[in-house]
Amino acid sequence: MTIKEITDLLKAPVSAEVLAELKADDRKGVQKLLAAYEKRMVQLAEKKAGFEKRMQLERKYWAEGKVVAGIDEVGRGPLAGPLVVCAAILKHDFNLLDVNDSKQVSRSKRELLYDQILEQVVDYKIIVKSSQDVDKYNPLEADRMAMKEAAETLSVRPDILLVDAVKVNTDIPQVDMNKGDSISNSIAAASILAKVYRDNLMKEYAKQYPEYGFEKNAGYGTADHLAALKKYGPTPIHRLSYDPVKKSLKN
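Read on for an overview of the structure.

With 13 residues, helix α5 (residues 107-119) extends 19 Å from end C-alpha to end C-alpha; this agrees with the ideal 18 Å at 1.5 Å per step. Of all the bends in α5, the greatest measures close to 30° and is centred on Leu 113. Those residues of α5 not exposed but buried are Arg 110, Leu 113, Tyr 114 and Ile 117. Those residues of α5 hidden inside the fold are in contact with β3 (121-129) and α8 (185-208).

Here we come to the nonpolar core. In this structure, Ile 71, Val 85, Met 147, Val 163 and Phe 214 are the most contacted members of the largest nonpolar core, which totals 32 residues. For this core, the elements supplying multiple residues, two or more each, are β1 (68-74), β2 (83-90), α7 (139-152), β4 (160-164), α8 and α10 (223-232). The element that contributes the greatest number of residues to this core is α7, accounting for 5 residues. Beyond its immediate stretch of four places on either side in the chain, Ile 71 contacts Val 85, Cys 86, Ala 87, Met 147, Ala 150, Ala 151, Leu 162, Val 163, Asp 164, Ile 187 and Ala 190. Among the nonpolar cores identified, the runner-up in size contains 30 residues, and Trp 62, Cys 86, Ile 117 and Ile 160 belong to it.

The subject of this paragraph is the environment of Ala 80. The topology assignment puts Ala 80 in the loop between β1 and β2. A C-alpha to C-alpha distance of 19 Å links Ala 80 and Leu 193, two positions 113 residues apart in sequence. Contacts of Ala 80, omitting those with residues within four sequence positions, involve Arg 198, Met 202, Phe 214, Ala 218, Gly 219, His 225, Ile 237, His 238 and Arg 239.

Let's shift gears to the pattern of salt bridges. Evaluated as defined, the whole model comprises 21 salt bridges. Here Asp 8 and Lys 11 are joined by a salt bridge, their closest N and O atoms 3.4 Å apart. If you follow the salt bridges from partner to partner, you end up with Arg 107, Arg 110, Lys 195 and Asp 199 in one network.

Another aspect to go through is the packing of aromatic side chains. A full pass over the atoms with the stated rule returns 3 aromatic pairs. Residues Phe 51 and Phe 94 carry aromatic rings whose centres are separated by 6.3 Å and whose planes lie at 10° to one another, so their mutual orientation is stacked. A residue pair is termed long-range when its members are at least 10 positions apart, and Phe 51 in helix α3 (residues 28-54) and Phe 94 in the loop between β2 and α5 qualify at 43 residues. Overall, Phe 51 belongs to the buried group, its relative accessible area being 4%. Site record: aromatic cluster; members linked through ring pairs are Tyr 212, Phe 214 and Tyr 232.

How each quantity is defined
Residues numbered from 1 in each chain as written. Predicted model: local features only at pLDDT ≥ 70, side-chain atom pairs only at ≥ 80, totals over all residues. Heavy atoms only, no water. Helix = DSSP H or I, 4+ residues; strand = E, 2+ residues; numbered from the N terminus. Expected span 1.5 Å × (residues − 1). Bend = angle between axes of the 7 residues up to and from the residue. Buried < 20%, exposed > 50% of the residue type's maximum accessible area, 1.4 Å probe, protein only. Contact = heavy atoms within 4.5 Å. Core = buried A, V, L, I, M, F, W, Y, C linked by side-chain atoms within 4.5 Å. Salt bridge = Lys/Arg side-chain N within 4 Å of Asp/Glu carboxyl O. Phe/Tyr/Trp six-rings, centres within 6.5 Å; stacked < 30°, edge-to-face > 60°.

This is the structure we're talking about:
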C-alpha cells in the first residue's frame, strides 16, 4: 500500500492482522503513521473508559426503571451577567464520548457538543436568574431556586436528580455529589448546555457594553474587566452585592 492509502486506512480502527502487517513494513513513514495511530487508540480507550465510568449512576437507576435528570449551574461567581441552570435527561443510547465537566472541555468543543447533546436528550430545561435575582437572594439561594424550577418544569418528571454539590428544595429524590460533572454524564451534559447558553448570552451583552470584554471574560473578574469597571462603573447586568462592584460604586 502507498503511504496515502495507509493514512486513509488508519483513520479508523483496524484489525490485529493489519497492524502486524504494518509493523513489518520498514518504511519510516509507515512506522510514524503507526505510532500516531497507536497513540490515538490509547487516548480513545481512555476516553471510552472515562465515559463508561460517568454512566454508572445512570445505568444503575435505568436498570431500576427510573428516569434520571442531571442538573448543574454556571455563573455563580461572575461579577456580571446571569446565573444559568440546566436540567437534562439523557436518552439511554447517549454516546457522546467527549461530554465531560464543562471546565475540562474547550470552548470550541463545547459549542460543537451543544447541538449534539440536544439530539441525545429526552428533555432539557434551562432557567436563567438575573444579576438582580443573585443580588436579592444571594448566589447559592438563586442557584437552588433555579435548580428547583428546572427540575420541576421538565416535561418528563424525573424519579432521581443527580446534582452537583447543591441541595435542591424539591420532593424529587436526589443524589448530590462534589464534582458531579466529572462523575455523571447527565450532570456533565447539563453543565455544557448551561455553559454554552450563558456564554452566548454574554456575547450579546458584549455588544451592548463593549468596554467590558464580556465576550472573552463571561463576566468574571479578569484584570481587564476590573479595569473597565473602575473606569466606567457598573452596567445594569453587574451584581451590585459583589465587593469589586461595590467598590466601583464608591469610586
